[in-house]
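Take a look at the letters that make up each chain.
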Amino acid sequence: VDAMISAMVEAYGVDTDRVFVTGISNGGMMTFRVGCERSDKVRALADADADGDLDLLVPAPQTIYRNDGEGGYSAVQREEAGLPKARQAAAQWADHDLDGRLDVHLIPSGLFRQTEGGRFEPTGFLRFGEGDSGRNAIASWFDADGDGGLDVFAVVERPFRNASVAQTPWVAALFLDRGASGGALVLDLVGPMENPDAVGARVRLTVDGRTRLLSPLAQETSRRSSGNREIVAGLGDATRADRIEVIWPDGARSAAEGVAAGAYEWRQGDPAPTPRVGACRG
């Protein structure tokens, strides 16, 4: 990885302050390892503590690596974080109640809500049965029914108990939100033709004077899955964002102030986001 980054910098003049890593399946595990071992070389992963830099969640064993803002990470073990001991097949960040604090979704142990003190407490929601714990799992959080709340689609690979059967079934389920406590701001970033999903963009969102860092796909990575590419940010009791600043993958910047809760599309080059009409792009 070091050699590849050095070669890209030498050959293409890549900005070393804007190196991102992503992957699917085993590449997802590579992403986690690079985030831990090469934090001085990459910008990664999800701002769990809303302090303006990106943190990392690892599912086995459950550990949160908090970014110190200077290129390093400190480990928060599961006992300190309030996360369960059981082995997990998948782990994700998801602000399920849209209160502005990222929660933790684990398969099979379910949903853990982040409290004001930064610990996590079990909600009892989204637990899979013991027989459905599975070897692998995929989950994606998105607004499936267009009601402004986050829903989740989960798939678990469950091995047959009959050893003579070689195939392994996948159990799938869609869980619909039934009333989050806060409002949300949904942002669909559209880049140029060579990067229409604006992968590598960063968004600095300020709500009630507090700024957090967001990025497309950053919360959604799960083994064998890239997930929903939209940015969904809970606003808590606020009805609008004080300021949104987008740093596009090529380094260009856009900013808007006083953006009300709702769904928006923001194309690179436009001065401000526009309310979205119709379904999301995917």
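Every chain is numbered independently, its residues counted from 1 as its sequence is written. Thresholds applied to this predicted model are a pLDDT of at least 70 for local features of residues and 80 or more for the giving and counting of side-chain atom pairs; totals over whole chains, interfaces and linings are not thresholded and use all residues. The basis for every side-chain value is the complete set of heavy atoms in the structure, and neither hydrogens nor water enter the calculation.

Asker: How would you summarise the sheet that holds strand E2 (residues 62-67) if you had to cite specific residues and measurements?
Answerer: Between any two strands, at least two bridges found by DSSP are needed for them to pair. In this text, helices come from DSSP runs of H or I with a minimum length of four residues, and strands from runs of E with a minimum of two, each type numbered from the N-terminal end. Strand order across the open sheet formed by three strands is E1-E2-E3, with antiparallel pairing between neighbours. Either end of the sheet is taken by a strand with one partner, and the two such strands are strand E1 (56-59) and strand E3 (73-77). Ignoring which end each strand starts from, the neighbouring axes of this sheet average 20 degrees apart. With five bridges connecting them, E2 and E3 associate as antiparallel partners. Directly across from Asn67, in E3, lies its bridge partner Tyr73. Interaxial angle, 0 to 180 degrees, is taken between N-to-C directions of lines fitted to C-alpha atoms, where a helix line uses only the stretch in contact.

Asker: Describe the nonpolar core, with residues and values.
Answerer: Ranked by size, the top nonpolar core spans 21 residues in total, and within it Leu185, Leu187, Leu189, Val203, Ile244 and Trp266 carry the most contacts. The set of elements that each furnish at least two residues to this core consists of strand E11 (183-190), strand E12 (202-207), strand E14 (231-236), strand E15 (240-247), strand E16 (253-260) and strand E17 (262-267). Counting 18 residues, the second largest nonpolar core, distinct from the first, contains Ala89, Ala90, Val152 and Ala184. To form a nonpolar core, buried Ala, Val, Leu, Ile, Met, Phe, Trp, Tyr and Cys residues must be joined to one another through side-chain atoms within 4.5 Å. Think of it in three bands: residues with accessible area under 20% of the maximum for their type are buried, residues over 50% are exposed, and the middle band is partly exposed, with areas taken using a 1.4 Å probe on protein chains only.

Asker: Account for the pattern of salt bridges, with residues named and values stated.
Answerer: Salt bridge, as applied in this entry: a Lys or Arg side-chain nitrogen positioned within 4 Å of an Asp or Glu carboxyl oxygen. The full count for this structure, using the stated rule, is nine salt bridges. The shortest N-O distance in the salt bridge between Arg113 and Glu121 comes to 3.6 Å. Between Glu257 and Arg243 there is a salt bridge, and its shortest N-O distance comes to 3.4 Å. Remark: Arg243 occurs in strand E15 and Glu257 occurs in strand E16; sequence separation between them is 14 residues. Judged by relative accessible area, which is 61%, Glu257 ranks as exposed.

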